[in-house]
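# Residue-level structure breakdown
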Amino acid sequence: MTLSQVSTPLTKDQAYALVDAVMARDDVAVTASAHEDAETGEWVFEATCIEEPDLEVFNQLAREVLGGDVTFGVEAIDPEVNWVAKSLEGLKPVIAGGFYVHGSHDADAIPGGVTAIRIDAAQAFGTGHHETTAGCLEAIDNALKRRRFRSMLDVGTGTGVLAIALAKRTHLPVIASDIDPIAVTTTAENARDNGVGRFVIAIEATGLEHRQIAAGAPYDLIAANILAGPLVALAPAMRKAAGKGATIILSGILNHQAPRVVSAYARQSMVLKHKIIKKEWSTLVLERV
């Protein structure tokens, strides 16, 4: 598979607006993101495409959203480089919601009073360092303090960090699903490394479409740290999978996208109970009524 990265410097608002426009379509890029360059302070739009990107489509979206032409750069992505691992080199451990997410090199420095989760740099997303994952861990910690859960589902599990967190705290089975087979393998390996391999059930699934997910319903806790667009699309399926009174934790949502997600879930009888904001990202805690 040949991958290319399309990028251009923009203002913060412009970059996020273009991300929304690209991710609203399923024929432009597999991912899109906006971030601030730590050295220059400049905001950058980036999109990853399979094969050669269609720059005319990017230019058309830029004209529609930004009101003018933009110069996009294109760079081939080396498939031999694990870019996630490379980007995580040197990152320090993170404490979120009483969970301590760390790499192997920090295993000897775990403080007391935390639930340690060892997640090394991998080919799947979700190490605990990103604000969305940290928000979910905080929401999980809060939820587990309020009640006991018996049937749990982690949608879009990535490295399995949320499923592992739930399994470590509850010592109960957690289904962890992802559309990416690499993520499924990574989750199973990480669960074993963290001593909860028998509790975390890693499966490959598109959304909630899997017989094992259907068999485990209704769930009293569902976590999904993906993107706003897919979360909105999954709302009807989430309603079907969630039992009455269930807690639903959603993230991967930019702050300005949160109202759209809240509205989509409210229409499916899942109402907002709490919101956790970390920088530009929102984590939503809903209840199925």
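Higher on the page you've got the structure.
This section reports on the structure supplied with the text. (Residues numbered from 1 in each chain as written. Predicted model: local features only at pLDDT ≥ 70, side-chain atom pairs only at ≥ 80, totals over all residues. Heavy atoms only, no water.)

Take helix α8 (residues 228-241) next. The terminal C-alpha atoms of α8 lie 19 Å apart, and with 14 residues this matches the ideal 20 Å at 1.5 Å per residue to within 8%. Of all the bends in α8, the greatest reaches close to 50° and is centred on A235; the proline P236 follows between one and four positions later. Those residues of α8 not exposed but buried are A228, L231, L234, A235, M238 and A241. (Helix = DSSP H or I, 4+ residues; strand = E, 2+ residues; numbered from the N terminus. Expected span 1.5 Å × (residues − 1). Bend = angle between axes of the 7 residues up to and from the residue. Buried < 20%, exposed > 50% of the residue type's maximum accessible area, 1.4 Å probe, protein only.)

Strand order in the open sheet formed by seven strands is β10-β9-β8-β11-β12-β14-β13, and the pairing between neighbours is mixed. Each edge of the open sheet is held by one strand with a lone partner, namely β10 (200-204) and β13 (270-278). Taken over all neighbouring pairs, the strand axes of this sheet differ in orientation by 15° on average, direction set aside. Where strand β12 (residues 242-254) and strand β14 (residues 281-288) come together, six bridges link them in antiparallel fashion. Bridging across to β14, T247 finds its partner in E287. Sitting on the sheet, α8 is in contact with β8 (152-155), β11 (219-225), β12, β13 and β14, with an inclination near 175° to β12. (Pairing = 2+ DSSP bridges. Axes fitted to C-alpha atoms, helices over the stretch in contact; angles between N-to-C directions. Contact = heavy atoms within 4.5 Å.)

What follows deals with the packing of aromatic side chains. According to the stated counting rule, one finds four aromatic pairs in the structure shown. When the centroid spacing of 6.3 Å and the interplanar angle of 70° are considered together, the rings of F45 and F72 count as edge-to-face. Taken together, the residues span a long stretch of sequence, with F45 in strand β3 (residues 43-50) and F72 in the loop between α2 (55-66) and β4 (73-77) at a distance of 27 residues. Since its relative accessible area comes to 12%, F72 is described here as buried. Aromatic side chains F58 and F72 sit 5.6 Å apart centroid to centroid with 55° between the ring planes, which places their arrangement in the tilted category. (Phe/Tyr/Trp six-rings, centres within 6.5 Å; stacked < 30°, edge-to-face > 60°.)

Now for the pattern of salt bridges. For the structure shown, the criterion picks out 11 salt bridges. Between R118 and D193 there is a salt bridge, and its shortest N-O distance comes to 3.4 Å. Pair noted here: R118 is in strand β7 (residues 115-118) and D193 is in helix α6 (residues 181-193), with a separation of 75 residues, a long-range link. On the accessibility criterion, D193 (46% relative accessible area) is partly exposed. (Salt bridge = Lys/Arg side-chain N within 4 Å of Asp/Glu carboxyl O.)

Orientation of helix α1 (residues 12-23) relative to α2, taken along the N-to-C sense of each, is 125°, at an axis distance of 10 Å. Considering the angle they form, α1 stands oblique to α2. Considering the relative orientation of α1 and α2, their crossing is right-handed. Here Q14, A17, L18, A21 and V22 of α1 come into contact with α2, specifically with F58, L61, A62, V65 and L66. Classifying every residue of the contact of α1 with α2 by side-chain character gives nine nonpolar, one polar and no charged. (Parallel < 35°, antiparallel > 145°, perpendicular 65-115°, else oblique. Left-handed = near helix turned anticlockwise from the far one by under 90°. Nonpolar A, V, L, I, M, F, W, Y, C, P; charged D, E, K, R; others polar.)

This part is about the environment of T132. Within the secondary structure, T132 sits in helix α4 (residues 131-146). Note on T132: relative accessible area 2%, which makes it buried. Sequence spacing of T132 and V30 is 102 residues, and the spatial spacing of their C-alpha atoms is 19 Å. There is a polar contact of 3.2 Å between the side chain of T132 and the side chain of N225. (Polar contact = N/O pair within 3.5 Å; in protein donor to acceptor, adjacent residues only side chain to side chain.)

Time to look at the sheet that holds strand β2 (residues 31-36). Ordered in space as β2-β3-β1-β4, the four strands form an open sheet in which the pairing is antiparallel. Each edge of the open sheet is held by one strand with a lone partner, namely β2 and β4. Adjacent strand axes in the sheet meet at a mean angle of 25°, parallel and antiparallel pairs treated alike. Where β2 and β3 come together, six bridges link them in antiparallel fashion. Bridging from a neighbouring strand, E36 pairs with W43 of β3. Set on the sheet, α1 makes contact with β1 (3-10), β2 and β3; between it and β2 the angle comes to about 170°.

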